[in-house]
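Listed below are the residues making up each chain.
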Amino acid sequence: MKLRDKITLALAAGVSAAVALSAANPPSGAVWFVEIVWCLAYALGLAALFPRFRFSNFAYALAAFWCVLQAVGAHYTFEAVPFPRELFGLERNCFDRLAHFSVGLNAYLVCEYVFREKIVNGAKAAAAAGFFVIVAVAGLWEIVEWLYAAWDGGETGAAFLGSQGDEWDAQKDMLCDALGGLVAALLFLARERRQEK
């Protein structure tokens, strides 16, 4: 087996292990389910796409990073994840902000896909597409959180929303997504320029 294949397999195994561990006696099974289903859908989607389109291992590592953070958040609920906020002088648990930033990093996969499939013309257009797709996903996600919390109307919905009393939580989450998307787009451009040389 080639090293590239071993790395891909190790990333998949890592995500599987994180999901399995997160399922072990979570404080709220309902919250675990509504959080982990997104991780599972994303991982299964990438697996289904694998025979037709293989991303770079760097892209898979970014996807795995988000899946692991999502699995951790699903287990504890995002507002209750053990996070050293006192160390950083934070008033709230900002683990969810880190998770949203990692969502943004998945713009890298969009960049790779549209560039290699020639959906766009050039690396700059691919980077822009990745960034704007993530910004759109971020906005849609906040709507999903709101609709679910309103529909549930209880503790599960409130935990899924995870605003922790911050009236600007949705906007800050979207900013973190966008910043992650910007970093991913710049990383993609840097890689393409390096390969051109």
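Residues numbered from 1 in each chain as written. Predicted model: local features only at pLDDT ≥ 70, side-chain atom pairs only at ≥ 80, totals over all residues. Heavy atoms only, no water.

## Section: the overall build of the protein
Within the protein one finds 8 helices and 0 strands. In the protein, the succession of α and β elements from N to C terminus is α-α-α-α-α-α-α-α. For 197 residues, the compact-globule formula gives about 16 Å, and the C-alpha radius of gyration of the protein, at 17 Å, lands near that figure. Along the first, second and third principal axes, the C-alpha atoms of the protein reach 50 × 35 × 35 Å. (Helix = DSSP H or I, 4+ residues; strand = E, 2+ residues; numbered from the N terminus. Rg over C-alpha atoms; globule rule 2.2 N^0.38 Å.)

## Things to note about the pattern of salt bridges
Here the structure, examined in full by the defined rule, presents 7 salt bridges. Salt-bridge contacts for Glu 117 lead to Arg 52; the nearest nitrogen and oxygen are separated by 3.7 Å. Pair noted here: Glu 117 is in the loop between α5 (107-116) and α6 (123-152) and Arg 52 is in the loop between α2 (29-49) and α3 (57-76), with a separation of 65 residues, a long-range link. Overall, the relative accessible area of 34% leaves Glu 117 in the partly exposed class. For Arg 97, the salt bridge goes to Asp 96, with nearest N and O atoms at 3.9 Å. Under the relative-accessibility criterion, Arg 97 is labelled buried at 11%. (Salt bridge = Lys/Arg side-chain N within 4 Å of Asp/Glu carboxyl O. Buried < 20%, exposed > 50% of the residue type's maximum accessible area, 1.4 Å probe, protein only.)

## A word on the confidence of the model for the protein
Here the protein averages 90 in pLDDT, and 90% of its residues register 70 or above. Mean pLDDT per element in the protein: helix α7 (residues 155-161) is the minimum at 66, and α5 is the maximum at 98. (pLDDT = per-residue confidence, 0-100.)

## Some thoughts on the environment of Leu 182
Along the chain, the position of Leu 182 falls in helix α8 (residues 169-196). A residue is classified by how much of its surface remains accessible, and Leu 182, at 42% relative accessible area, is partly exposed.

## Thoughts on the packing of aromatic side chains
Summed over all chains, the structure comprises 11 aromatic pairs. Between Tyr 42 and Trp 66, the aromatic rings sit 5.6 Å apart at their centres with planes inclined by 75°, giving edge-to-face as the arrangement. Of this pair, Tyr 42 sits in helix α2 while Trp 66 sits in helix α3, placing them 24 residues apart in sequence. Take Tyr 42: its relative accessible area is 24%, and that puts it in the partly exposed class. Its relative accessible area of 10% is what places Trp 66 among the buried residues. Here the aromatic cluster, defined as three or more aromatic residues joined through ring pairs, consists of Phe 50, Phe 53, Phe 55, Tyr 60 and Tyr 113. (Phe/Tyr/Trp six-rings, centres within 6.5 Å; stacked < 30°, edge-to-face > 60°.)

## Observations concerning the nonpolar core
Judged by nonpolar contacts, the single largest core of 21 residues is most densely connected at Leu 46, Phe 55, Ala 59, Tyr 108, Leu 109, Ala 127 and Phe 188. Every element with two or more residues in this core is listed here: α3, α5, α6 and α8. The element contributing the most residues to this core is α5, with 5 residues. Discounting residues that sit within four places of it in the chain, Leu 46 has contacts with Phe 55, Ala 63 and Leu 109. Listed in part, the 11 residues of the second largest apolar core include Val 15, Cys 39, Ala 64 and Cys 67. (Core = buried A, V, L, I, M, F, W, Y, C linked by side-chain atoms within 4.5 Å. Contact = heavy atoms within 4.5 Å.)

## Points about a nonpolar patch on the surface
A grouping of Phe 33, Val 37, Trp 38 and Val 144 is seen on the molecular surface, where their side chains present a nonpolar patch of about 340 Å² in accessible area. If you tally residues by element for the nonpolar patch, the top one is α2, at 3 residues. (Patch = residues over 30% accessible without salt bridge, like charges linked within 9 Å, V, L, I, M, F, W, Y side chains within 5 Å. Areas by Shrake-Rupley, 256 points an atom, 1.4 Å probe, with all protein chains shown as cover.)

## A short note on the side chain of Asp 177
Take Asp 177: it is sitting in helix α8. No salt bridge is formed by the buried Asp 177; its nearest oppositely charged neighbour, Arg 97, is found at 9.0 Å. Setting aside residues up to four positions removed in sequence, Asp 177 forms contacts with His 100, Phe 101, Val 103, Gly 104, Ile 134 and Ala 138. (Lys, Arg positive; Asp, Glu negative; His and termini not counted.)

## Points about the layout of surface pockets
There is about 360 Å³ of room inside the second largest pocket. Residue lining of the second largest pocket: 17 residues in total, with Ala 12, Val 15, Ala 43, Leu 46 and Ala 47 positioned closest to the centre. For the lining of the second largest pocket, the secondary structure elements donating two or more residues are α1 (3-22), α2 and α3. Split by residue class, the lining of the second largest pocket holds 15 nonpolar, 2 polar and no charged. (1 Å grid on protein atoms, 1.4 Å probe; cavity = no way out; pocket = protein on both sides within 12 Å on 5 of 7 lines; lining within 4 Å. Points joined across faces, edges and corners; volume = space filled by probe spheres on them. Nonpolar A, V, L, I, M, F, W, Y, C, P; charged D, E, K, R; others polar.)

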